[in-house]
Amino acid sequence: MRVFVLLIVLLSLSGTGLYMVKRSIDARYAELARLRADIRAEKDNHAILQAEWAWLSRPDRIMRLSGNLLEMTPIEADRILPIEAIPMRRSGQTGKPSPAPAPATPAGLKKQISQTGELP
Amino acid sequence: MKPPAIKFSRWAGWLWPGRPEPAKSWQIARRRLAVATVLAGMCFAGISAQALNLALLPNDGAAPASTQQAGPPRGVITDRQGRLLASNVPVRVLHADPQLILDRREVAEKLAPLLPGHEPADILALLAKPTRYIELDRKITPRRHAEILRLGLPGVFVSPGTLRLYPHGREAAHLLGVVDRDGLGIAGIEKSQQEQLASGAPVTLSIDLALQAILREQVSRQIERFEAIGGAGLILDMKTGELLALASLPDFDPNHLMAAEEKARFNQAAKGVFEMGSIFKVLNTAIALESGAARLDSQFEVARPMRVSRFAIRDYHPLKGPLSVPEILVHSSNIGSARMADLIGPDTQRAYLDRLGLLRASALEIPENGQPLLPPRWGRIASLTISYGHGLSVSPVQAAAAIAAAAGDGHYIRPTLLKRRPQDEIERLRIFSEDTARAVRSMMRLVVSHKAGTGNLAEVEGYLIGGKTGTAEKILNKGYDRKANRVSFVATFPAHDPAYLVFVMVDEPKGQKHSYGYATAGWVAAPAAGRIIRQMAPIVGIHPVATDQPEIRQNLLAGLSIDGEEAIYAAY
């Protein structure tokens, strides 16, 4: 009889334990599903934002905006020159940069640098 | 055998004896109690078993339906810098099941004001179809969604879906292609890379969106300025074979495919094949030099039209002969080119053009690759006309790849639309020697830099550009139409060490006041190529050069003379 009671107590304890584990697993499944839904929603938002960014940064729009608002134009060749062509400031000298021997540069800029010693 | 009735009565007597005997009634009551206990126990056992079953077994219906989806979302397509060219955005799809609809007329009348572009009659016609799924709209805004829900129409549903979106619209529309309703690629990269995209993997193109925009803008500007009917263009990285831009105009917005005309959907740059005209003289010159048929100082008589049986080959402007090989290219002499081809011979010419990929459809990674049109008989006459670009029709992509071999370093590289990875080995097929290539790029530079050259208007100060013009009369009813031309310009830059090839083609330009009535390649296509190069050079990192830079002398031939004077490569 004592064994029988003990067995019933054990059984009900393990049953309760099993049930609680099961419930916690259920809760975690629900949490997982919620997180997955969240991730999906975030991915959707991300996709929308990326598409919107692509739409807003499309070249013809940027070209139009930069032309209308910033008055920007394509860079001309005489705006570009190698770094060595920029005159170095001599040590001890203040304020006024001196012309340095400029290697290959586009003709116009080269002339300007050699005449004034300054970048336009 | 005993009848069953007797058996029944015997069992019945056990619980319900016919004649109750007072002595046995206690015994009967106990029996009844036992049976009732067993029945009740079984009921409880069943309930407990079901309760355990529900509590312990995993229930499949727990996860919300929205977390389950069929397969990964379709891969995105990006340009070489990672800019998004095709992506997916979630949309709400409005659909209806006619079998669940109570009053079709009511549904149609209530929905029509909420669906722009739909009349009640259209919706009614849609709802009359014998199907259980009718898509009414794929792009329902959240506000519309709420309004439709508020109508409370049975049989009308809004469910989540995805929409393939091309954020840049018309830019690169031809090569991206489109997908059908089920998300299956039906054209362009969407079709050719269907497997990879369907598995969710992204595809990175060789295209650079910034260069694509520059190319498209400049070609469409020339189409407008010269009242042309269309055009095409491409930018090729000559060192890797990657196409950095590929445009065909008129074009279409892949987001509104239904509104696109059939003509606009045709990819002229890859699918269209055309007689390329004089730009073929670059190839003719390279083949003549490489095969030994001519040397740079060989002289060819061009004073009178060349007569071959009943044909006469003429020049656009009559030239005073004899001309050397560089002079033939700079003046773009048909007669001179034909005389050179006569020395090359049809078989050698054909073999070279075959190795340059001009006799087979190009193998770009899109389904739209044009099949070249070969002459029915590749005899002497065909070889003479092919020398100046008539009688053989190829696509702009094919022509660009072949000219890149002649003007670059002599290697043919198969053009591609997919970005090469650093570990990819580039297959280079040597066709022309280094000497031939140097001579060809020197002559192409002279076409632009020399005052008599046809490509003067492509000149951009600071950048050495080489090029060749091509003005081809369009074929009209088995003959040539002298008024309708297809003009093109192929440019390489920097001319002394070509890295990029720019091709511009304009279809049927008309002479304008600002061009003094001219509508030739030199007036229409060359300036566009020059502007494209001026804009793209800072982007691709090609710096302006000074004329006294030593590598220019090393990479271009010294001492070429045009019309008796020594030719100079840079005049600024």
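Just so we're clear, the structure is a prediction, and the values are computed from it rather than from any experiment.

Colleague: Help me understand the overall build of chain B in this model?
Modeller: The number of helices and strands found in chain B is 18 helices and 20 strands. Across its three principal directions, the C-alpha atoms of chain B cover 150 × 50 × 50 Å. Expressed as a percentage of the 572 residues in chain B, the buried residues total 47%. Counted over contacts in chain B with a minimum sequence separation of 6, partners at least 24 positions apart contribute 70%.

Colleague: What am I meant to see in the overall build of chain A here?
Modeller: Each helix and strand counted, chain A has three helices and zero strands in total. Mapped in sequence order, the helices and strands of chain A form the string α-α-α. Per-residue burial over chain A gives 7% buried out of 120 residues. Intrachain contacts of chain A at a sequence separation of at least 6 include 29% that bridge at least 24 residues.

Colleague: I tried to follow the sheet that holds strand 6 (residues 230-237) of chain B on my own but got confused; where do I start?
Modeller: Residues and elements named next belong to chain B. The five strands lie next to each other as 7-6-18-17-16, forming an open sheet whose pairing is antiparallel. Of all the strands in the sheet, just strand 7 (242-249) and strand 16 (466-476) have a single pairing partner and so form its edges. Sheet twist, expressed as the average angle between the axes of neighbouring strands with direction ignored, equals 10°. Summarising the sheet, strand 6 and strand 7 pair through seven bridges and their orientation is antiparallel. Bridging across to strand 7, Gly233 finds its partner in Ala247.

Colleague: Where do I start with the nonpolar core in this structure?
Modeller: Burial of nonpolar side chains together is a common tendency in soluble globular proteins. Residue and element names in this part refer to chain B. If you look at the biggest cluster of nonpolar residues, it comprises 144 residues, and the most contacted ones within it are Ala400, Ile403, Ala406, Ala525, Ala529 and Ile533. For this core, the leading source of residues is helix 17 (residues 521-540), giving 11 residues. Sequence-distant contacts of Ala529, that is, excluding residues within four places in its chain, are made with Ala458, Gly467, Phe489, Ala491, Val502 and Val504. Among the nonpolar cores identified, the runner-up in size contains 11 residues, and Leu94, Ala108, Leu111 and Val156 belong to it.

Colleague: It is not clear to me how helix 9 (residues 209-225) of chain B should be interpreted in this structure. Could you clarify?
Modeller: Count 3.6 residues to each turn of an α-helix, and residues three or four apart come out pointing the same way. Residue and element names in this part refer to chain B. Its 17 residues give helix 9 an end-to-end C-alpha distance of 24 Å, which sits within 8% of 24 Å, the value for a rise of 1.5 Å per residue. Extensive coverage of helix 9 is indicated by the burial of 13 of its 17 residues. Downstream of helix 9 by a residue or two, Glu227 has a phi angle that is positive, lying close to 50°.

Colleague: Looking at this structure, how should I read the interface of chain B and chain A?
Modeller: Frequently, the measure chosen for interface size is the accessible area that the parts lose on association. Between chain B and chain A, the residue contacts involve 33 residues of the former and 30 residues of the latter. Residue assignment for the side of chain B that touches chain A shows that the elements contributing at least two residues are helix 2 (25-56), strand 2 (84-96), helix 9 and helix 17 of chain B. Considering every element that reaches the side of chain B that touches chain A, the biggest residue donor is strand 2 of chain B, with five residues. When its residues are assigned to classes, the side of chain B that touches chain A shows 19 nonpolar, nine polar and five charged.

Colleague: Looking at this structure, how should I read unusual backbone geometry?
Modeller: Residues apart from glycine generally show negative phi values, whereas peptide bonds are mostly found in trans. Residue and element names in this part refer to chain B. With an omega of 0°, the peptide bond between Leu249 and Pro250 qualifies as cis. For Pro250, the position within the fold is in the loop between strand 7 and strand 8 (274-275). Here the residue pair Phe493 and Pro494 is connected by a cis peptide bond, since its omega of -10° sits within 30 degrees of zero. With respect to the helices and strands, Pro494 occurs in the loop between strand 17 (479-493) and strand 18 (500-507). The phi torsion at Ser309 lies on the positive side, around 40°, for a residue other than glycine. Its location among the elements puts Ser309 in the loop between strand 10 (306-308) and strand 11 (311-313).

Colleague: How should the packing of helix 10 (residues 280-291) of chain B against helix 12 (residues 334-344) of chain B be read in this particular structure?
Modeller: Residue and element names in this part refer to chain B. At their nearest, the axes of helix 10 and helix 12 sit 10 Å apart, and the two run at 40° to each other. As summarised for this structure, helix 10 and helix 12 are arranged oblique, according to the angle between their axes. As helix 10 runs across helix 12, the sense of the crossing is left-handed. Together, Lys281, Asn284, Ile287, Ala288 and Ser291 of helix 10 and Ser337, Met340, Ala341, Leu343 and Ile344 of helix 12 make up the contact between the two elements. Looking at the contact of helix 10 with helix 12 residue by residue, the class counts come to six nonpolar, three polar and one charged.

Colleague: What am I meant to see in the packing of helix 12 of chain B against helix 14 (residues 380-387) of chain B here?
Modeller: In a packed pair of helices, the relevant descriptors are the angle between the two axes and the axis-to-axis distance. Residue and element names in this part refer to chain B. The geometry of helix 12 relative to helix 14 is characterised by a closest axis approach of 8 Å and an angle of 135° between their N-to-C directions. As judged from the angle between their axes, helix 12 and helix 14 are oblique. Relative to helix 14, helix 12 is oriented so that their crossing is right-handed. Between helix 12, through Ser337, Ala338, Met340, Ala341 and Asp342, and helix 14, the contact on the second element is made entirely by Ser383, Leu384 and Ser387. Across the contact of helix 12 with helix 14, the residue classes break down as four nonpolar, three polar and one charged.

Colleague: Explain the confidence of the model for chain A to me, please; I cannot follow it from the model alone.
Modeller: Low-pLDDT portions of the prediction should not be read for the details of their coordinates. Residue and element names in this part refer to chain A. Across chain A, the average pLDDT comes to 79, with 75% of residues at or above 70. Across chain A, helix 1 (residues 2-56) holds the top mean pLDDT of 92, while helix 3 (residues 107-116) sits lowest at 53. Ignoring residues within four places in sequence, the model shows residues 100-105, a span with pLDDT below 50, making 16 contacts including any to other chains.

Colleague: Would you explain the environment of Gly408(B) in this entry?
Modeller: Residue and element names in this part refer to chain B. Position of Gly408 relative to the elements: it lies in the loop between helix 15 (396-407) and strand 14 (411-412). By the C-beta count within 10 Å, which is 23 here, Gly408 ends up buried. With 155 residues separating them in the primary sequence, Gly408 and Asp253 have C-alpha atoms 35 Å apart. When residues no more than four places from it in sequence are discounted, the contact partners of Gly408 are Met238, Ala437 and Pro498.

Basis of the calculations
Residues numbered from 1 in each chain as written. Chains lettered and ligands numbered in written order. Predicted model: local features only at pLDDT ≥ 70, side-chain atom pairs only at ≥ 80, totals over all residues. Helix = DSSP H or I, 4+ residues; strand = E, 2+ residues; numbered from the N terminus. Buried ≥ 20, exposed ≤ 12 C-beta atoms within 10 Å, placed from the backbone. Contact = placed C-beta atoms within 7 Å. Pairing = 2+ DSSP bridges. Axes fitted to C-alpha atoms, helices over the stretch in contact; angles between N-to-C directions. Core = buried A, V, L, I, M, F, W, Y, C linked by C-beta atoms within 7 Å. Expected span 1.5 Å × (residues − 1). Nonpolar A, V, L, I, M, F, W, Y, C, P; charged D, E, K, R; others polar. Parallel < 35°, antiparallel > 145°, perpendicular 65-115°, else oblique. Left-handed = near helix turned anticlockwise from the far one by under 90°. pLDDT = per-residue confidence, 0-100.

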